[in-house]
Amino acid sequence: MADYDYDLFVIGGGSGGVRAARVAAGEAGARVALAEEDRYGGTCVIRGCVPKKLMVFASEFGELAEVGSAYGWNMTAGSFDWPAFRSHLNAELDRLEGVYRSLLKNSGVETFDARAKLKDKHTVELSTGETKTAKTILVATGGRPVRPSIPNADLGIVSDDIFHLEKLPKSILIIGGGYIACEFACILHGLGVEVTQYYRGAQILRGFDDEARGLIAESMRDRGINLHTGTNIVQMGPASDDHSAAVPTASDAAMGASAQQENVMAYGGVAAKERPGDRSGPIWVKSTTGRECVFDMVLFATGRDPNSTDMGLEEIGIDIGRRGEIVVDEYSKTAADSVYAIGDVTNRVNLTPVAIREGMAFVETVFKDNPTAVDHDLIPSAVFTQPEMGTVGLSEEDAREQEEVEVYCTSFRPMKTAFAGKSDRVLMKLVVSKASRKVLGCHIVAPDAGEMIQLAGVAIKMGATKEDFDRTVAVHPTMSEEIVTMRTPMRTA
Ligand code: NDP
């Protein structure tokens, strides 16, 4: 039998890779090494979920002051100090990176601060020049933001850059209508930036429940985000004195929506390598509606590609998909028996807790003699817009394609902000199978919807029926009590 340096070599120190490494070493007693070329913690901890959520919190305080006044508090929001917040944020990220490093160390995982690529099915080559062998190799290299391939696209920033900005821009154009675009539109608006968002499709947050995405779009516009659907960027460049500093208006947004079909653009997708976040100078932008505007900054939130290039994968017979994803089976095994892949690099469901689950299932399968397929069904998730969306299961539209459904839905002004005279609305929605009575989907748009959907997710994963929801007593007075008090279907489809 071949004698390897390690039982397992993990490439990538993000959430999935770190979990797999430390459980394989700590619980299964494997000899494990891990290589990370950047910071430990990966996208989630260093440039994704964690700093983003802290920015969500930061962005909410201005409005809290406004609501607090209605409750008798003598409050004014004052101004937001970005450098002070950013240095506190960086200190927190340093702390968390330290936690990740010590988790690995304490589990007995040997770490290499180096880029790694595969030399053969059992050998990893490090950027330090060393080579290491392992019985099993796990690729957990995540993904990276991509810019559209238009001239001067490198004048725009990507989500990684936001946390490094020296100062916040006065105005920003955000391109895209997915999670990242919508979340940062709300965050930056809350921090006082004038936000314009161009989305090429008819409605933001494609793939989510139509009613839920409709309410989020409406709330974003009500709050003052200049959201233009059916609109994309066609040209950009440094602004000259000839360019006016106009930003598009709401009526331009309506014009864009009607032109949306023609505006879908087939960009190739260019990887965002450098960090142009603090490139100074306003940027001129021409949109598909013909409008020319000038913004202080442009953020491309146009999707992410798997980090699979230049890793020696295809050379050893591993299949790579159209978007650059490593093709794996239900046990996360690639076409090479000794090589597995988990997380965003496989482009299955690109969420941190899913990567962690995939890592745990990999360890069960390979190191605990317990073949465990990853369950990608009924994954609850949240979009941290303002208001938030929490969702699990099928959208009404997808459920209707599958079978006959009853839709229970209510939208109302929540007590806390209604008292302050605000027009904010929330949405609670259940999509129910007419035949089995099972709740197929739950969609909540409300403050803290992410917290609510985690618990609804347990019931729905267990196969709860509408009648199970009905016989659960309401918690009063809460927003979420509506989930168990909706008695009459709004429609059957
Ligand atoms: P998404 O794939 O969600 O969204 C990309 C957006 O960019 C879409 O609106 C897409 O439009 C648009 N787009 C793509 N290419 C172009 C182009 N060439 N020109 C103009 N628009 C374009 O990616 P994100 O970057 O927002 O997020 C990546 C992933 O990260 C998510 O899928 C999610 O899994 C994860 N994530 C999760 C979060 C959470 O759980 N809260 C938060 C942030 C990220 P179209 O719809 O037409 O394709």
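Residues numbered from 1 in each chain as written. Predicted model: local features only at pLDDT ≥ 70, side-chain atom pairs only at ≥ 80, totals over all residues. Heavy atoms only, no water.

## Some words on the overall build of the chain
Condition: Segments assigned H or I by DSSP are reported as helices when at least four residues long, segments assigned E as strands when at least two residues long, and all are numbered from the N terminus. Each radius of gyration is computed over the set of C-alpha atoms, and the globule rule expresses the reference value as 2.2 Å times the number of residues to the power 0.38. Categorising residues by exposure relies on relative accessible area from a 1.4 Å probe, with only protein chains included: less than 20% of the type maximum marks a residue as buried, more than 50% marks it as exposed, and the intermediate range marks it as partly exposed.
Per the secondary structure count, the chain includes 14 helices and 24 strands. Over its C-alpha trace the chain gives a radius of gyration of 24 Å, about what one expects of a compact globule, namely 23 Å for 493 residues. When the backbone C-alpha atoms are referred to their principal axes, the chain occupies close to 70 × 65 × 50 Å. Burial analysis of the chain (493 residues in total) assigns 50% to the buried set.

## Things to note about the sheet that holds strand β15 (residues 292-295)
The following threshold applies: Any two strands with at least two DSSP-identified bridges between them are counted as paired. Helix axes use the C-alpha atoms of the stretch in contact, all axes being lines fitted to C-alpha atoms, and the angles between their N-to-C directions lie in the range 0 to 180 degrees.
One open sheet accounts for 3 strands, arranged β12-β14-β15; its pairing is antiparallel. Two strands close off the open sheet at either side, each with one partner strand: β12 (233-238) and β15. If you compare each strand with its neighbour and ignore which way they point, the axes differ by 25° on average. Pairing of strand β14 (residues 283-287) with β15 involves 4 bridges; the strand directions are antiparallel. Each residue of the ladder has a partner; that of tryptophan 284, found in β15, is valine 294.

## Thoughts on the confidence of the model for the chain
Inclusion rule: pLDDT is a residue-level measure of predictor confidence that goes from 0 to 100. Any pair of residues with heavy atoms lying within 4.5 Å of one another is described as a contacting pair.
Of all residues in the chain, 92% attain a pLDDT of 70 or more, and the chain-wide mean is 93. Confidence drops under pLDDT 50 across residues 250-275; counting only partners more than four residues distant or on other chains, this segment forms 57 contacts.

## Here we look at a nonpolar patch on the surface
Threshold: Like-charged residues within 9 Å of one another, or nonpolar side chains (Val, Leu, Ile, Met, Phe, Trp, Tyr) within 5 Å, are grouped into patches, provided each residue has over 30% relative accessible area and no salt bridge. Areas reported here follow the Shrake-Rupley algorithm with a probe of radius 1.4 Å; residue values treat only the protein chains shown as occluding. Any Lys or Arg side-chain nitrogen found within 4 Å of a carboxyl oxygen on Asp or Glu counts as a salt bridge.
Where nonpolar side chains cluster on the molecular surface, the patch consists of Tyr71, Trp73, Met75 and Phe419 and spans about 480 Å² of accessible area. Examined against the element boundaries, phenylalanine 419 turns out to sit in the loop between α12 (415-418) and β22 (426-433).

## Re the nonpolar core
We apply this condition: Here the nonpolar core consists of buried residues drawn from Ala, Val, Leu, Ile, Met, Phe, Trp, Tyr and Cys, with membership extended through side-chain atoms lying within 4.5 Å.
By size, the foremost hydrophobic cluster in this structure holds 50 residues, and its most contacted members are Met55, Ile174, Phe184 and Ile204. Here the element with the most residues in this core is helix α6 (residues 179-190); it accounts for 7 residues. Counting residues in each nonpolar core, the second largest holds 25 residues, with Leu8, Leu96, Leu104 and Ile342 among its members.

## A word on the environment of alanine 21
Here alanine 21 lies in helix α1 (residues 15-26). C-alpha separation for the pair alanine 21 and alanine 239, spaced 218 residues apart in sequence, amounts to 49 Å. Aside from chain neighbours lying at most four places away, what touches alanine 21 is Val10, Val32, Leu34, Leu104 and Val109.

## Observations regarding the packing of helix α3 (residues 49-70) against α6
For clarity, the threshold we go by: In these notes the angle categories are as follows: under 35 degrees is roughly parallel, over 145 is roughly antiparallel, 65 to 115 is roughly perpendicular, and the rest is oblique. The handedness criterion is simple: a crossing whose near helix is rotated anticlockwise from the far helix by less than a right angle is left-handed, and one whose near helix is rotated clockwise is right-handed. Nonpolar residues are Ala, Val, Leu, Ile, Met, Phe, Trp, Tyr, Cys and Pro. Charged residues are Asp, Glu, Lys and Arg, and all others, Gly as well, are polar.
Contact pair α3 / α6: the axes reach a minimum separation of 8 Å and the direction vectors enclose 40°. Relative to α6, the element α3 is oriented oblique. Classified by chirality, the crossing of α6 by α3 is left-handed. Side by side, α3 and α6 meet where Lys52, Met55, Val56 and Ser59 of the first sit next to Glu183, Phe184, Ile187 and Gly190 of the second. Broken down by class, the residue content of the contact of α3 with α6 amounts to 4 nonpolar, 2 polar and 2 charged.

## Re the pairing of strand β21 (residues 405-412)
The two faces of the sheet receive side chains in turn, since in a regular strand these alternate between them. Taking burial as the measure, the 8 residues of β21 include 7 buried ones, the bulk of the element. Pairing analysis gives 8 bridges linking β21 to β22, with the strands arranged antiparallel. From the neighbouring strand, glutamate 406 faces β22, where its bridge partner is valine 432. The pairing of β21 with strand β24 (residues 491-492) spans 2 bridges and is antiparallel. Note that in β24 the partner of glutamate 406 across the bridge is threonine 492.

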